[in-house]
Amino acid sequence: MIQSPFLLADQTLFKNIDAFEFDYIPDQVIFREEQISELAFRVRPGVFGARPASAICRGPPGTGKTTTVKHLLAEIAESQKRLVPVYVNCQTDHTRYAVFSRIYRRVVGHAPPRTGVAATVLADAIAASIIKQKIVVLVCLDDFQYLLSEDTANAVLYSLLRMYLNHSDCRVGVILTTSEMDLDVSRVLESGVASSLCADDISFPRYTPDEIREILRIRVREAVWPGVISSEVLDLIVWKTHKAGDLRVGLDLLKRAVLMAERNARSSVVREDILLAYGDARLITLKKMIRVLPPGERALLDLIADSGGGDPLTSGELYNRLTDDEEISYTTFYERLKRLAEYGLVNLRIRQKKGRTSVITPRYEAEEIQAVSR
Ligand SMILES: Nc1ncnc2c1ncn2[C@@H]1O[C@H](COP(=O)(O)OP(=O)(O)OP(=O)(O)O)[C@@H](O)[C@H]1O
């Protein structure tokens, strides 16, 4: 480690601290080439004036859905005049009016009147503008699950899809992204809306440790000066990120650890910085996961967390505890359990000799789950 006793106030280890921010769009989106080309294939008709096919990007939090889609939209915006991309973050724009205001601004070119205009009026104005400008619009509804309350999703999609049904020269394509584990479009949307949407799934699996390492290595090169993060420290961060399953944990760890090194007037990060920073970073994943977990899985997670502290639970014991409160088949219970393990929320060790009996250990304490649920 290089010791620097005087890291002056105007000196910093960061070359570009923004490269550790979650909304930073890297120059390269690596390991998502397949997904980008699948998306491009669906969007491509829009370049020639036809209606783009719809798609749903699915995958656990922090698997690059937003980054991939934003990258594609930026490329379209730079290279195409006829195809106009609109990005909507449904976590912030989660009402029908907010979604259509966002689309209106991009398509019409200025903000809509602030009050007294119904979302349907905005939708009609958008359709008229699309026809007049002879453009095709591609709307990405990112984190689509935030529209599912109060039936906003049906209303938004109905209006968007109806534009095309009402005027065949009004062409609008839709890309949805979601980290909702079980989102079944045919169940949550009205049948007419789901069948007009006719969207194909594009899957975003978790990154492998090697992939995480390469993505973080490139990010480190952009964000800090050489020598600040050693290869050994990066390995530790990769391991923690892999365990948490969300790239954001790695980015957050890196940022906190470098700030810690700076505060202690060191010119490189040491293992202790990472271990201290990890306590906060791992809860980021938990918070994200908790928000999108279906009620059945959430109840099971709470039960497992409440049972922590004693001997490890077996799946049979857990099933018996669960059936005290809920009537549920062993198969459904076990599917839920497997999903919790898949999303990194519990550890599951299968006892080979006893069929589907597994030993379960919680990865988060009940207090941590409560803290991030508030
Ligand atoms: N392939 C990649 N290359 C470079 N950076 C990536 C890649 N995938 C993800 N990231 C980074 O990881 C972070 C999380 O990615 P992103 O927001 O795209 O995930 P997401 O799947 O949309 O998550 P959520 O479902 O929670 O919205 C971002 O900061 C992003 O820059």
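Residue indices follow the written sequence of each chain, beginning from 1 at its first position. Note on the predicted model: pLDDT of at least 70 is required for a residue's local features to be given, and 80 or more for side-chain atom pairs to be given and counted; whole-chain, interface and lining totals, by contrast, use all residues. Side-chain descriptors were evaluated using all non-hydrogen atoms of the structure, hydrogens and water having been removed beforehand.

Under an unreviewed UniProt entry, the protein has the name ORC1-type DNA replication protein and belongs to Methanocalculus chunghsingensis. UniProt positions are given in the numbering used here, feature names are shortened, and annotations may be inferred rather than shown by experiment. For the record of the protein, the UniProt heading Function (unreviewed entry) holds the text "Involved in regulation of DNA replication." UniProt, in its Sequence similarities (unreviewed entry) section for the protein, records the words "Belongs to the CDC6/cdc18 family."

Tracing the backbone through its elements, the reader meets Asp273 in helix α11 (residues 271-292). Leave out the neighbours within four places in its chain, and Asp273 touches Ala257, Met260, Ala261, Arg266 and Ser268. In this description a helix means any DSSP run of H or I spanning at least four residues, a strand means any run of E spanning at least two, and both kinds are numbered starting from the N terminus. Between two residues, a contact is recorded if the distance between any of their heavy atoms is within 4.5 Å.

For the rest of this paragraph, the subject is the pattern of salt bridges. When a carboxyl oxygen of Asp or Glu lies within 4 Å of a side-chain nitrogen of Lys or Arg, that pair is called a salt bridge. One pass over the structure, following the stated rule, counts 16 salt bridges. Note that Asp124 and Arg162 form a salt bridge whose closest N and O atoms lie 3.6 Å from each other. Placement of the pair is Asp124 in helix α4 (residues 119-133) and Arg162 in helix α5 (residues 152-166), with a sequence separation of 38 residues. Accessibility expressed as a relative area gives 46% for Asp124, which makes it partly exposed. When a residue's accessible area, from a 1.4 Å probe over protein chains only, is under 20% of the maximum for its type it is buried; when over 50% it is exposed; and in between it is partly exposed.

Here a cavity denotes grid points, spaced 1 Å and computed from the protein atoms alone, that fit a 1.4 Å probe unable to get out, and a pocket denotes an open set having protein on both sides within 12 Å along at least 5 of 7 lines; residues with an atom within 4 Å of a point are the lining. Grid points are joined across faces, edges and corners, and a volume is the space filled by probe spheres set on the points. The final tally for this structure, using the stated rule, is one cavity of 30 Å³ or more. Space inside the largest cavity adds up to approximately 30 Å³. The wall of the largest cavity is formed by Asp143, Gln145, Tyr146, Ser179, Lys288, Arg291 and Val292. Looking at the lining of the largest cavity residue by residue, the class counts come to two nonpolar, two polar and three charged. In this count, Pro and Cys sit with the nonpolar residues alongside Ala, Val, Leu, Ile, Met, Phe, Trp and Tyr, while Asp, Glu, Lys and Arg are called charged and the others, Gly among them, polar.

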